Amino acid sequence: MKRQKHKYLFLLLLGSSFLLLTLNSCKDECQDPRNPDCENYNPCIDAKLTSAAFTIKEKVDVDTHPLFSDWLMDTDTTYNKLVVLEASSNDASSYLWIVEGKQKMSDIANSNKVTINLEEDRNSRGNWFTITLIVKRNPNTICLPNDDGVDTVTRRLYFMKYSDTFSWEGTYYGSDNDMPNSPFTVFISHDYDESSFWKDYIKIHGLPRGCNDTAYEGLHYESLTYKNIDLNGTGSDSNGINCKDRTISGIYKQGSLYTIRQLYSWRVNGIYYEKTRVFTGIKIK
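Just so it is clear, the structure is predicted and the values come from calculations on it, not from any experiment. (Residues numbered from 1 in each chain as written. Predicted model: local features only at pLDDT ≥ 70, side-chain atom pairs only at ≥ 80, totals over all residues. Heavy atoms only, no water.)

**Some thoughts on the pairing of strand 1 (residues 54–58)**
Step number 1: Every second residue of strand 1 is oriented toward a common face, the buried set being Phe54, Ile56 and Glu58 and the non-buried set Thr55 and Lys57.
Step number 2: Here 5 bridges tie strand 1 to strand 3 (residues 82–87), and the two strands are oriented antiparallel to one another. Bridge pairing links phenylalanine 54 to alanine 87 in strand 3. (Buried < 20%, exposed > 50% of the residue type's maximum accessible area, 1.4 Å probe, protein only. Helix = DSSP H or I, 4+ residues; strand = E, 2+ residues; numbered from the N terminus. Pairing = 2+ DSSP bridges.)

**Looking at empty space enclosed by the protein**
Step number 1: According to the stated counting rule, one finds 1 cavity of 30 Å³ or more in the structure shown.
Step number 2: Empty space within the largest cavity amounts to approximately 40 Å³.
Step number 3: What lines the largest cavity is Glu58, Trp71, Leu72, Met73, Thr75, Thr225, Lys227 and Asn228.
Step number 4: Along the lines of polarity and charge, the residues of the lining of the largest cavity split into 3 nonpolar, 3 polar and 2 charged. (1 Å grid on protein atoms, 1.4 Å probe; cavity = no way out; pocket = protein on both sides within 12 Å on 5 of 7 lines; lining within 4 Å. Points joined across faces, edges and corners; volume = space filled by probe spheres on them. Nonpolar A, V, L, I, M, F, W, Y, C, P; charged D, E, K, R; others polar.)

**Some words on the pattern of salt bridges**
Step number 1: Evaluation of the coordinates by the stated rule reveals 7 salt bridges.
Step number 2: Salt-bridge contacts for aspartate 46 lead to arginine 34; the nearest nitrogen and oxygen are separated by 2.8 Å. Of this pair, aspartate 46 sits in the loop between helix 1 (2–27) and strand 1 while arginine 34 sits in the loop between helix 1 and strand 1; the two residues are 12 residues apart in sequence, bridging distant segments of the chain.
Step number 3: When its relative accessible area of 46% is taken as the criterion, aspartate 46 is described as partly exposed.
Step number 4: Here arginine 137 ties to aspartate 91 by a salt bridge, and the two come within 2.9 Å at their closest N and O atoms. Taken together, the residues span a long stretch of sequence, with arginine 137 in the loop between strand 6 (128–136) and strand 7 (150–159) and aspartate 91 in the loop between strand 3 and strand 4 (94–100) at a distance of 46 residues. (Salt bridge = Lys/Arg side-chain N within 4 Å of Asp/Glu carboxyl O.)

In structure tokens:
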């Protein structure tokens, strides 16, 4: 009887050890397809076909403080003469950029990111430019047997005339975060004055709240892009559209919505105060 009892105890201990080993094995099971030490490792999980896709963004050289970090958006229309072309891939062995429509073709670097000047040619505004990127790389034929390592993408870019309409020009209906339940209308437009030192003028009516007159101010063109505006600095004494110590310092497009950043400043008994407001609205015309 004692020997049988020891037998049962031994089986119980053996079963417990097996269960513990099984639990530890499940706990330590590796499920990372990118880890070569895991059972489900997939060496092709990140493999991508050779791609010559690229973005086109207007170059802004001023020191900006935008409301959104991605305010420089991919575009097929530009107001700035300097345009940044950037390939989506950075693993190619060569990048060949071809810009048709430019009479003066300067050497463009074999790089995944280049800057071109559309105003090297006279009367280039109002014209379309055809931009082609050809990339080559060593293809991953094990994961992608049909990839030959070469791809070509062509896009067209329109260089705006001074009289053309920007994406952000128009009439907006919305409210600011200071009084979200009190909507109002804002009108924004652009003028170009060849005879003025500050040739680009932004006109805004209805914003900020409390400024009944139309704010009209000359700005540096490098603050403007076809889709957005970011005016250098955040204070009322820096570049911005000022109206009675109220500064409009940014107009940004996000999907169907537009946001306008404002900075209010005032003094009470010699003490300086400021407050940020953000208008959010939809374009109604």
